[in-house]
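# Observations on the three-dimensional arrangement
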Amino acid sequence: MSQFELMVNTSGRGAISINDQVNNLIKKSSAKLCHVFVTHTSASLMITGNEDPNVLLDIEDHFQMSVKDAKPEYRHNNEGDFDMSGHIRSILTGESKTIPVIDGQLALGKFQGLFLYEHRAGNNARKLIITLS
């Protein structure tokens with residue numbers, strides 16, 4: 001088993017493909033399983049379609065409608081209007097993924113991609129822990 005830290009810089013809300021970075025780590029191993037964990041409460045991981053950029057835009061549009069910023073019912077807003085909504089979005093999409101490895105890369109479907117999803121505004125540095133076994 002081996003473990004790596006991967007830093008990903010984000011620049012506002014949205015999804016960033018991390019397939020290539022994770023696959024580069026896998027190539028250096030004989031792993032058959034890859035576990036990815038994001039160490040933040042307002043960023044998450046998701047596997048979704050990577051064939052059309054509109055998929056990611058539609059996901060963000062859905063979140064904008066269903067998990068609104070600055071709701072008066074939110075008590076937690078220490079870092080701004082997006083603070084509590086970012087935590088809720090992260091809970092809904094999840095902080096980890098475990099993916100099989102085949103032929104030295106993530107065994108994702110033809111139109112699947114692994115994405116880090118940033119739920120906050122502004123620039124952020126996100127740490128992921130990649131465990132290969």
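Above this note sits the structure.
Before going into details, it helps to say that this report is about the structure given with it. (Residues numbered from 1 in each chain as written. Predicted model: local features only at pLDDT ≥ 70, side-chain atom pairs only at ≥ 80, totals over all residues. Heavy atoms only, no water.)

### Observations concerning helix H2 (residues 53-66)
Here H2 contains 14 residues, and its C-alpha end-to-end distance of 21 Å stays within 8% of the 20 Å for a straight helix at 1.5 Å per residue. Put simply, Asp 52 is the residue that caps the front of H2, since its side-chain oxygen is 2.9 Å from the backbone nitrogen of Asn 54. (Helix = DSSP H or I, 4+ residues; strand = E, 2+ residues; numbered from the N terminus. Expected span 1.5 Å × (residues − 1). Polar contact = N/O pair within 3.5 Å; in protein donor to acceptor, adjacent residues only side chain to side chain.)

### Looking at the environment of Leu 57
With respect to the helices and strands, the residue Leu 57 is situated in helix H2. Distance from Leu 57 to Ile 91, taken between C-alpha atoms, is 19 Å for residues 34 residues apart in sequence.

### Description of the sheet that holds strand E5 (residues 96-102)
What the 5 strands build is an open sheet, ordered E1-E8-E3-E5-E6; its pairing is antiparallel. In this open sheet, the two strands that pair with only one neighbour each are strand E1 (2-11) and strand E6 (105-106). When strand E3 (residues 33-38) meets E5, the two strands line up antiparallel, connected through 5 bridges. Within E5, the position partnered with Val 36 by the bridge is Lys 97. (Pairing = 2+ DSSP bridges.)

### Remarks on the packing of H2 against helix H3 (residues 83-93)
Look at H2 against H3: their axes get within 11 Å of each other, and the N-to-C directions meet at 125°. The angle between the axes of H2 and H3 places the two elements in the oblique class. Here the hand of the crossing between H2 and H3 comes out right-handed. Contacts between H2 and H3 involve Glu 60, Phe 63 and Gln 64 from the former and Arg 89, Leu 92 and Thr 93 from the latter. Split into classes, the residues belonging to the contact of H2 with H3 amount to 2 nonpolar, 2 polar and 2 charged. (Axes fitted to C-alpha atoms, helices over the stretch in contact; angles between N-to-C directions. Parallel < 35°, antiparallel > 145°, perpendicular 65-115°, else oblique. Left-handed = near helix turned anticlockwise from the far one by under 90°. Contact = heavy atoms within 4.5 Å. Nonpolar A, V, L, I, M, F, W, Y, C, P; charged D, E, K, R; others polar.)

### Some thoughts on the pattern of salt bridges
For the structure on display, the rule yields 6 salt bridges. Among the salt bridges present, the one from Lys 127 reaches Glu 5, with a minimum N-O distance of 3.7 Å. Here Glu 5 lies in strand E1 and Lys 127 lies in strand E8 (residues 123-132), a separation of 122 residues in the sequence. Take Glu 5: its relative accessible area is 55%, and that puts it in the exposed class. Close ionic contact of Arg 120 with Asp 83 constitutes a salt bridge, the shortest N to O distance being 2.7 Å. Taken together, the residues Arg 120 in the loop between strand E7 (112-118) and E8 and Asp 83 in helix H3 connect sequence positions 37 residues apart. Assigned by exposure class, Arg 120 and Asp 83 land together as buried. The structure contains a network of salt bridges with shared partners spanning Glu 79, Asp 83 and Arg 120. (Salt bridge = Lys/Arg side-chain N within 4 Å of Asp/Glu carboxyl O. Buried < 20%, exposed > 50% of the residue type's maximum accessible area, 1.4 Å probe, protein only.)

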